[in-house]
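# Working through the structure, step by step
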Amino acid sequence: MNAPLVEFELRVATAGHPLRIRIREFDARAAAFVDCGPASTSGLGGTAREALVAALGPFGARTSTAVMAAPEMFAASAMVLEARA
């Protein structure tokens, strides 16, 4: 079974390139993938938020905080909820 994919791009001042973020939720887990210029990371978690925080970890606390606090994340959260339905 293919889990729905939520994909979006985000720009924050602390990252040198736009971040391409993909989130996929499965039954009891979520996976997040972040591409930023030549860097690619991934993370797993019990929720989409946990997976995204794990994937952002290598970019440092400032970038991780900037992404999670970005107003665009409200729309991303809505897309994750819509993909569940």
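Right, let's walk through the structure included here. (Residues numbered from 1 in each chain as written. Predicted model: local features only at pLDDT ≥ 70, side-chain atom pairs only at ≥ 80, totals over all residues. Heavy atoms only, no water.)

With that settled, consider the overall build of the protein chain. For the protein chain, the helix and strand inventory stands at three helices and four strands. Computed over the C-alpha atoms, the radius of gyration of the protein chain is 12 Å, within 12% of the 12 Å expected from 2.2 N^0.38 for a compact globule of 85 residues. Here the protein chain holds 85 residues, and 38% of them are scored as buried. Within the protein chain, contacts between residues separated by at least 24 positions form 24% of all contacts whose residues are at least 6 apart in sequence. By element, 57% of the accessible surface of the protein chain is carried by carbon and sulfur atoms, the whole surface being about 5,200 Å². Taken as two groups, the 8 positive and 8 negative side-chain charges of the protein chain have centres that lie 5 Å from each other. (Helix = DSSP H or I, 4+ residues; strand = E, 2+ residues; numbered from the N terminus. Rg over C-alpha atoms; globule rule 2.2 N^0.38 Å. Buried < 20%, exposed > 50% of the residue type's maximum accessible area, 1.4 Å probe, protein only. Contact = heavy atoms within 4.5 Å. Areas by Shrake-Rupley, 256 points an atom, 1.4 Å probe, with all protein chains shown as cover. Lys, Arg positive; Asp, Glu negative; His and termini not counted. Charge placed at Lys NZ, Arg CZ, Asp CG, Glu CD.)

A few words now on the sheet that holds strand β3 (residues 30-36). Reading across the sheet, the four strands line up as β1-β2-β3-β4 and stay open at both edges, with antiparallel pairing between neighbours. Each edge of the open sheet carries a strand with a single partner, namely β1 (5-10) and β4 (39-45). Here the average twist between neighbouring strands, direction ignored, is 15 degrees. As defined by bridge partners, β3 adjoins β4 across seven bridges and the pair is classed as antiparallel. Residue pairing in the sheet places Ala31 in a bridge with Leu44 of β4. On top of the sheet, helix α3 (residues 72-84) reaches β1 and β2 (19-25); it is set at about 170 degrees to β1, its chief contact. (Pairing = 2+ DSSP bridges. Axes fitted to C-alpha atoms, helices over the stretch in contact; angles between N-to-C directions.)

Next up on the list: helix α2 (residues 61-69). Of all the positions in α2, only Thr63, Ser64 and Val67 are classed as buried. Taken around the axis of α2, the buried residues stretch over an arc of 100 degrees, which confines them to a single face. The exposed residues of α2 that point more than 90 degrees off its buried face are Ala61, Arg62, Thr65 and Ala69. (Arc of directions from axis to C-beta.)

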